[in-house]
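Take a look at the letters that make up each chain.
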Amino acid sequence: MQMSWPRTILWCGLILGALGGPALGASSAPPKKAAGRTCQYKPYFDCLVPEGWGIMRQPEYSTKVEKVYGLEFLGPRAPSGSIVRIDADYYAPDNGIHESSDRFIRVVARLDRAVGLPGEKGTPPERTTFKGRAATKIIRTTYDFVRDTNNHEKQVTIIEEYLVIPAKEGFYVLEYTAPPALVKEYRPVFEKFKESFTMLVK
């Protein structure tokens, strides 16, 4: 899930050994291959980094204080300025944001009217399974704020797809985010990413 805090970019050859992606200002899309190098974020999960995509890691505050452990994988930038991305997060049972997976689902699906952004709309939570575990899928249309070439902030529409997977302690969230024009094109990358994703917390 997109957070309000800044994140630190990690590129190829650093701690996680993942592939570096295109510069965030690049207008050309990277290859749409799903399989890249193995990314190990122990003791939480393993996965394959989509080839040519960059990585951003949760800052120290998030991991030590809020106890959310995750990575964000960055794909191409659309002409609108928004970036295709995949987030993988593990929320510890004592995390400081959502006390349970049910609460996360209520917030994202806007089941509580007091949360969320004006104008958001989405599908009702859909019960499903992921690698033998119960899971919940949510798709919503919302918006993000990006800066144009003149450094002016503008609002752009994005589609977010969430897969929430409870663990015995805590829960996982996989999120695919893309502008409407690129959702279908890069969905195979997200599907391959999910195939590669291994949850290390049972």
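In what follows, the accompanying structure is described.

Conventions adopted
- Residues numbered from 1 in each chain as written.
- Predicted model: local features only at pLDDT ≥ 70, side-chain atom pairs only at ≥ 80, totals over all residues.
- Heavy atoms only, no water.
- Helix = DSSP H or I, 4+ residues; strand = E, 2+ residues; numbered from the N terminus.
- Buried < 20%, exposed > 50% of the residue type's maximum accessible area, 1.4 Å probe, protein only.
- Polar contact = N/O pair within 3.5 Å; in protein donor to acceptor, adjacent residues only side chain to side chain.
- Contact = heavy atoms within 4.5 Å.
- Core = buried A, V, L, I, M, F, W, Y, C linked by side-chain atoms within 4.5 Å.
- Phe/Tyr/Trp six-rings, centres within 6.5 Å; stacked < 30°, edge-to-face > 60°.
- Pairing = 2+ DSSP bridges.
- Axes fitted to C-alpha atoms, helices over the stretch in contact; angles between N-to-C directions.

Mapped onto the fold, Asn95 is located in the loop between strand 6 (83-91) and helix 2 (101-108). For Asn95, a relative accessible area of 9% puts it in the buried group. A polar contact of 2.8 Å, which involves the side chain of Asn95, links it to the backbone nitrogen of Ile97. Reaching out from Asn95, the side chain makes a polar contact with the backbone oxygen of His98 at a distance of 2.7 Å. Ignoring any residue separated from it by four or fewer positions in sequence, one finds Asn95 in contact with Glu66, Lys67, Val68 and Phe171.

Moving on, we get to the nonpolar core. A general feature of soluble globular proteins is that nonpolar side chains tend to end up buried together. Counting residues in hydrophobic clusters, the biggest one holds 36 residues, and the most contacted among them are Phe45, Phe73, Leu174 and Phe197. Taken together, the elements giving at least two residues each to this core come down to strand 2 (38-41), strand 3 (45-48), strand 5 (68-77), strand 6, strand 10 (153-166), strand 11 (171-178) and helix 3 (183-196). Take this core: its biggest share by element is 5 residues, from helix 3. The residues touching Phe45, leaving out its near neighbours within four places in the chain, are Cys39, Gln40, Tyr69, Gly70, Leu71, Ala88, Tyr172, Phe197, Thr198 and Leu200. With 11 residues, the next largest nonpolar core counts Tyr91, Ile105, Ala109 and Val173 among its residues.

Take the packing of aromatic side chains next. Tallied over the full model, the rule gives 16 aromatic pairs. A ring pair is formed by Tyr41 and Tyr44, whose centres lie 5.8 Å apart and whose planes are at 65°; its orientation type is edge-to-face. The two residues Tyr41 and Tyr44 agree in class, both being buried. Judged by centre distance (5.4 Å) and plane angle (85°), the ring pair of Tyr41 and Phe45 falls under edge-to-face. As far as the burial class goes, Tyr41 and Phe45 line up, both buried. Through a chain of ring-to-ring contacts, the aromatic side chains of Tyr41, Tyr44, Phe45, Tyr69, Phe73, Tyr90, Tyr172, Phe193 and Phe197 assemble into a single cluster.

Time to look at the sheet that holds strand 3. Taken in spatial order, the 3 strands make up an open sheet running 2-3-12, and their pairing is antiparallel. Of all strands in the sheet, those with a lone pairing partner are strand 2 and strand 12 (198-199), marking the two edges. When strand 2 meets strand 3, the two strands line up antiparallel, connected through 4 bridges. When the sheet's bridge partners are listed, Cys39 is paired in strand 3 with Cys47. Relative to strand 3, helix 3 is tilted by about 140°, and along the sheet it contacts strand 3 and strand 12.

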